[in-house]
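# Fold and geometry: a report
So you can see what is in the structure, the chains are spelled out below.
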Amino acid sequence: MEFFGYLQPDGLAGTRNLIGIISNGVCTSDAANRIAREVDGSVAFSHRENCQLISPDKEIVYRTLINLGKNPNLAAVLVVSAGCTDPCLDPLVIAHGIAEAKKPVEVCSIHQTGGLMKVLSNGVDIARKMAADASVIKRQPLPISMLRQGVECGGSTPLSGPVTNAAQGSALDIIIKNGGSGGFGETPEVIGAEHIIASRAVNNDVKQKMIKVVQDYEANLRNSGLNFFGANPDPQNIKDGLSSIEEKAVGAVRKGGTTPLTEVIGFGERARGKGLFFVDTPGNDLISLTGLAAAGCNVITYSTECAVPYGFPFVPVIKITANRDHFHKYPDILDYLVDIDTALSHLDEVGAELLVLIVEVASGRRTQNEIIGYTGTCDLWTIAPAA
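Keep in mind it's a predicted model, so treat the numbers as computed, not measured.

Following the sequence through the fold, Asp125 ends up in helix 5 (residues 116–134). Note: C-alpha distance between Asp125 and Asp216 (91 residues apart in sequence) is 46 Å. Within the structure, Asp125 has its side chain in polar contact with the side chain of Arg128 (distance 3.0 Å).

And the structure:
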C-alpha cells in the first residue's frame, strides 16, 4: 500500500509541506503568529516558556523545539527570537539542531533587526521565500512504511476503549506490520494498565523503562500533595460512565494496538526506529499532541466521544468517534464515525477502513480541523516550579 507524500532531504516522508515559524520563547510568540498569518502555507508553533527555565525544563524545551522543527511535515523553518544578549533558549542552538534534518532554517531577531515591525517585515520576507521554494516540491508515491501514526484520545467514555481506541490500534497494527511506526503517550492515563504494555516489550530494558516512567509519574503526583484522582478520570469521564483511572487506563492502552513495544522515549525526544513506541507525556491532550509531533509523527488519529475541537499546527489530526449523535451534530470537528457493532465483532475491518482514511489524509485530504483552520492550539511540558 502507498500514499502520496513529500520525500524530505533526510529521507523521511512528510504528509504536509509547510513552513514552520517557531518562537524560541513566549516573548516572540505573537511575532511568530503574525508572520505565519501573512504567508500562505506557513504555520506557527508558539508557546509560553520564557527566559527563567531551569534544569531539567531547559533541556526538555530545547529538544522539543528542535524535534518539532525536524518533523518531516515542515519543509523549512524560521526561528523567531527576541535577540537577548544571553538568551536562555539560544535560537542558534535551536536552528542548528533543526538543520540536522537537512532542511532550510533561518533565524530572525527583534533586537538585531531593529524592532518588532522590522522583524515582522523581515520574517514575512524569509517565510515567503521559503514557501515559494517549498511550492515546487511535489507529492510522490511512497510506501506506508514511511508513515508514523500518532494515536491520541480525549473526552473518553466506556465506548472509547473497546471501540474507538481499538479502531486506532487496529489501523496502527497494519501500518507497523507493513514496516511503519507509531506511538502514543499520556502516562498518567495508563496507570493501572502499564503492565499490559510492558508485557509486550521487545526486551527487558524496554519493559523496565515502561514501568519506570509510570512509577516516576505516580511518585511525582504523590509528592505534589495534590489529589490527582480528583482530576483523572475527569468529571466528564465519570459522568459518561468511567468508574476509575484503572478502567480508563485499560481502555487507553487499546489505542496502542497489539504489536511489540520497541521503544519508550521522554517528552520532546524523537523515536529512533520502526514499530510501536511510547512517549512519556502528561494526560493533557494539547501537550501530548506536541509530544507525538516531536517524536516525528506525520499523521495523528484522535478518538473523542465528546468532540474535542482542536487540532495541531502542522500534523493532520483525524478525529474519530463512536457517538453517532455527535458525529452528525459536529460535522466541522469529527472526521470518522466508528460503527460500534462492527468494531466489537470485526475490529480488523474497522481498522482497515480507518487506514484508508489515514492514507487519504496522508496523501493530502484535509481534516475538518485543517479546513476550518482550528489548528493553532499547542503547548509544551515543563515540570519544575516557575523560577
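This part takes up the packing of aromatic side chains. Two measures describe an aromatic ring pair: the distance that separates the ring centres and the angle between the ring planes. Counted under the stated rule, the structure contains 6 aromatic pairs. Judged by centre distance (6.2 Å) and plane angle (45°), the rings of Phe45 and Phe312 are tilted. With Phe45 in strand 4 (residues 42–45) and Phe312 in the loop between strand 12 (299–303) and strand 13 (317–321), this residue pair connects regions lying 267 residues apart in the sequence. For the pair formed by Phe45 and Phe312, the shared burial category is buried. Note on Tyr302 and Tyr310: the rings are 6.5 Å apart at their centroids and 70° apart in plane angle, and the pair reads as edge-to-face. Look at Tyr302 and you get buried, because its relative accessible area is 0%. A relative accessible area of 18% means that Tyr310 is categorised as buried. A connected cluster of aromatic rings, assembled from ring pairs, spans Phe45, Phe312 and Phe314. The ring of Tyr302 is capped by Lys319, whose NZ or CZ atom sits 5.1 Å from the centre of that ring. The ring of Tyr310 has Lys319 sitting right over it, with the charged end atom 5.8 Å from the ring centre.

Moving on, we get to unusual backbone geometry. A cis amide bond links Ser55 to the next residue, Pro56, at an omega of 5°. The residue Pro56 is located in the loop between strand 4 and helix 2 (57–70) in this model. Even without being glycine, Lys102 reaches a positive phi, approximately 65°. Mapping Lys102 onto the fold places it in the loop between helix 3 (91–99) and strand 6 (105–109). Given the relative accessible area of 58%, Lys102 is considered exposed. In this structure, Glu186 takes a positive phi of about 65° despite not being glycine. Relative to the elements of secondary structure, Glu186 occurs in the loop between strand 9 (181–184) and helix 7 (194–198).

The buried count for strand 11 (residues 275–279) comes to 5 of 5 residues, which makes it a mostly enclosed element. Relative to strand 11, strand 9 is paired through 4 bridges, and the arrangement is parallel. Pairing of Gly182 across the sheet is with Leu276, part of strand 11. Bridge analysis of strand 10 (residues 261–265) against strand 11 gives 4 bridges, and the strand direction is parallel. Pairing of Ile265 across the sheet is with Val279, part of strand 11.

Below, the discussion takes up the packing of helix 2 against helix 11 (residues 285–294). Two elements in contact, helix 2 and helix 11, have axes whose closest approach is 8 Å; the angle formed by their N-to-C orientations is 60°. In terms of orientation, helix 2 and helix 11 fall into the oblique class. Taken together, the residues of helix 11 that come into contact with helix 2 (itself represented by Thr64, Asn67 and Leu68) are Thr290, Ala293 and Ala294. Partitioned by chemical class, the residues of the contact of helix 2 with helix 11 number 3 nonpolar, 3 polar and no charged.

Another point: the sheet that holds strand 1 (residues 2–7). The sheet built from 3 strands is open, its strands ordered 2-1-7 with antiparallel pairing. Looking along the sheet, the strands with just one partner apiece sit at the ends: strand 2 (13–14) and strand 7 (140–143). Taken together, the 2 bridges between strand 1 and strand 2 define a ladder with antiparallel strand orientation. Considered in strand 2, the bridge of Leu7 is made with Ala13.

Thresholds applied
Residues numbered from 1 in each chain as written. Predicted model: local features only at pLDDT ≥ 70, side-chain atom pairs only at ≥ 80, totals over all residues. Heavy atoms only, no water. Helix = DSSP H or I, 4+ residues; strand = E, 2+ residues; numbered from the N terminus. Polar contact = N/O pair within 3.5 Å; in protein donor to acceptor, adjacent residues only side chain to side chain. Phe/Tyr/Trp six-rings, centres within 6.5 Å; stacked < 30°, edge-to-face > 60°. Buried < 20%, exposed > 50% of the residue type's maximum accessible area, 1.4 Å probe, protein only. Lys NZ or Arg CZ within 6 Å of the ring centre and 35° of its normal. Pairing = 2+ DSSP bridges. Axes fitted to C-alpha atoms, helices over the stretch in contact; angles between N-to-C directions. Parallel < 35°, antiparallel > 145°, perpendicular 65-115°, else oblique. Contact = heavy atoms within 4.5 Å. Nonpolar A, V, L, I, M, F, W, Y, C, P; charged D, E, K, R; others polar.

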